[in-house]
Amino acid sequence: MHILNKTFSFVSQARPGSKTSDLFFVPGWNYLRQKHMKDLATENEAAGLNEQEPKHFIQEIVEEDIRTGKYQGRVHTRFPPEPNGYLHIGHAKSICLNFGLAKKYGGFTNLRFDDTNPVKEDTEYVDSIKEDVRWLGFDWDDREYYASDYFETLYEYAVKLIKKGKAYVCDLTQEEMSAYRGTVTQPGKESPYRNRSVEENLDLFQRMRNGEFPDGSKVLRAKIDMASPNMLMRDPIMYRILHAEHHRTGDKWNIYPMYDFAHGQCDSIEKITHSICTLEFEVHRPLYDWFVKELEIYAPQQIEFARLNLTYTMMSKRKLLELVKENYVSGWDDPRMPTICGLRRRGYTPESIRNFAEKVGVARRDNIIDLSLLEFCLREDLNKRAFRVMGVMHPLKVTITNYPEDKVEWMDAVNNPEDCAAGTRKVPFSREIYIERDDFMENPPKKYFRLAPGNEVRLRYAYFITCQEVVKDPVTGEIIELKCTHDPASQGGNSPDGRKVKGTIHWVSVQHAVKAEARLYDRLFMKEDPEDYLEGQDYKVNLNPESLKVQTCYVEPSLKGAKTLDKFQFERIGYFCVDSDSHDNKLIFNRTVTLKDSWSKIASKE
């Protein structure tokens, strides 16, 4: 791959104005790609990967193109986000697909920012997008591009269409244009400005560029067919006037291209082979192809796939921004948000998201994926990598009356039973410990195996204890302490006489416990479809008021040095991650996910 990367580092630097058609079709490309594919096949065989795994339809298209020599066997994709917000889990699927395809077939992926609307864009979003893509495990090397790189070329393309009689400057207002467009069943009417001369259109377009007209006063439209059954083909807007500061070009431009005009041409300039879009762009494809054909430029192939839809999840970037601005969440990286930065802060791993994208697959038609699958992938990954620790959420004090007051023992505790290399750690045990309040019942039902008066349980890594006395607050009657005895011979959790104890509970030593804050996150929306609401309401009526609970917890001292994003399984409770708000004097843990899927049980009862 070194030779292939080195070769393409030159190829990928082609910019508007250069002779890209010669640069991108590299002599020896097939040899280099075949060598990569052979190396990849060897790696897959060594890893025990099944070469006969079913292929999704985009893989079949790509492989057929390689077989027939289309694009000289090249595979070159791009991920083209708009820098007007933070990426979410739906974008993660697209990232995995675009970068994954290129890797699989020895190709390349460009990161290209669709920065054609300066009113909504910001370098903050650019930086966050790059961070998210890298965190997911992908790199674009030197292939970082922006639509604004091509503004001059796009302008020249527009001039070319004007000269061909295929574009014109229109003075209709937005309301008038909408009325002229017609309906799905009725053709539109031609603009009274549609037949302006080429010379007049060229003059007006140049003056638009020069900033002579106010915002909204004129647009440049493609001249296609006002009777087309595809509404997008009814003389779509190519350029609009925006007197706005651009995050990269400053105040150089007073006109900006529309997405539909910029998209295909940027793909063409970069010699993209497979322009992979979500399904809502299927209706845009005829326009994509029309521009490429009329401009007589290199033609990429647009392919559409079903976007990711998740239950209990809002995927509209506009509405996510609304939640941020109206303070329903603490920011784009709020751990309840489906943004990649929010998932990262909550404790998700890039491996779990990539595995989720693989399991979801690539479909031709829209479907809805259960959020439980994403959580399953997360649990599966964290189970292999997260250290097991003990933490108590709702403490109940236990005094072991026959244990010496000044004695402290350091018990061996396994860090991760799924990973022998993770080793062990020492956990302090003393006369006074905290257990979970839920692990005791004064009047238990049958088959209750946790602590109760007269019941014996196993303390994880420590001793068998038996409850002898319950201490209550004389005023409220609340249980405030348990007095227990331990069996000294049962150290480590087993008794020499072989008696069986069915219940095992976790604990922390009161003397050594580290006080921390636990943020118990749950699903942001109560309904599977957040858009399911009554007339007169909006999606915010479905926000889950229980999506965040904050409480004090006590954890074992091994966590004192835990760093931001360190991940742990609190035994018998769930997976937790150290939050970025943590500091030396206060540990803060985010609940990433519970140990089991409780929502599926709730849903089945509704």
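Residues numbered from 1 in each chain as written. Predicted model: local features only at pLDDT ≥ 70, side-chain atom pairs only at ≥ 80, totals over all residues. Heavy atoms only, no water.

## Side note on the environment of Phe387
Among the secondary structure elements, Phe387 is positioned in strand β10 (residues 387-389). For Phe387, a relative accessible area of 35% gives the class partly exposed. Filtering out sequence-adjacent residues up to four positions away, Phe387 remains in contact with Asn415, Ala422, Lys567, Phe568 and Gln569. (Helix = DSSP H or I, 4+ residues; strand = E, 2+ residues; numbered from the N terminus. Buried < 20%, exposed > 50% of the residue type's maximum accessible area, 1.4 Å probe, protein only. Contact = heavy atoms within 4.5 Å.)

## Comments concerning the sheet that holds strand β25 (residues 587-594)
Taken together, the 7 strands give an open sheet; going across it, the order is β10-β23-β24-β25-β21-β22-β11, and neighbouring strands pair in mixed fashion. The strands lining the two open edges of the sheet, one partner per strand, are β10 and β11 (391-392). Pairing geometry for β10 and strand β23 (residues 567-570), over 3 bridges, is parallel. Residue pairing in the sheet places Phe387 in a bridge with Phe568 of β23. Seen against the sheet, helix α15 (residues 371-385) touches β10, β23, β24 (574-578) and β25 and runs at an angle of roughly 125° to β25. (Pairing = 2+ DSSP bridges. Axes fitted to C-alpha atoms, helices over the stretch in contact; angles between N-to-C directions.)

## Details of the sheet that holds strand β3 (residues 144-146)
The strand order β1-β2-β3 describes an open sheet built from 3 strands, whose pairing is parallel. Either end of the sheet is taken by a strand with one partner, and the two such strands are β1 (76-79) and β3. Ignoring strand direction, the axes of neighbouring strands in this sheet form an average angle of 35°. Judged from the 4 bridges that link them, β1 and strand β2 (residues 108-113) form a sheet pairing that is parallel. Across the sheet, the residue bridging to His76 is Phe108, located in β2. Sitting on the sheet, helix α6 (residues 123-135) is in contact with β1, β2 and β3, with an inclination near 160° to β2.

## Side note on the packing of aromatic side chains
We describe a pair of aromatic rings using the distance from one ring centre to the other and the angle between the two ring planes. Overall, the coordinates contain 24 aromatic pairs when judged by the stated rule. Geometrically, the ring pair formed by Tyr155 and Phe205 is stacked, given 4.8 Å between the ring centres and 15° between the ring planes. Taken together, the residues Tyr155 in helix α7 (residues 151-163) and Phe205 in helix α9 (residues 198-210) connect sequence positions 50 residues apart. Pair check on accessibility: Tyr155 and Phe205 agree, each one buried. Seen in terms of ring centroids, Phe568 and Phe589 are 6.4 Å apart; in terms of plane orientation they differ by 75°. Their pairing is edge-to-face. Taken together, the residues span a long stretch of sequence, with Phe568 in strand β23 and Phe589 in strand β25 at a distance of 21 residues. Pair check on accessibility: Phe568 and Phe589 agree, each one buried. An aromatic cluster is built from Phe151, Tyr155, Phe205, Tyr239, Trp253, Tyr256, Phe261, Trp290 and Phe291, whose rings are joined through pairwise contacts. (Phe/Tyr/Trp six-rings, centres within 6.5 Å; stacked < 30°, edge-to-face > 60°.)

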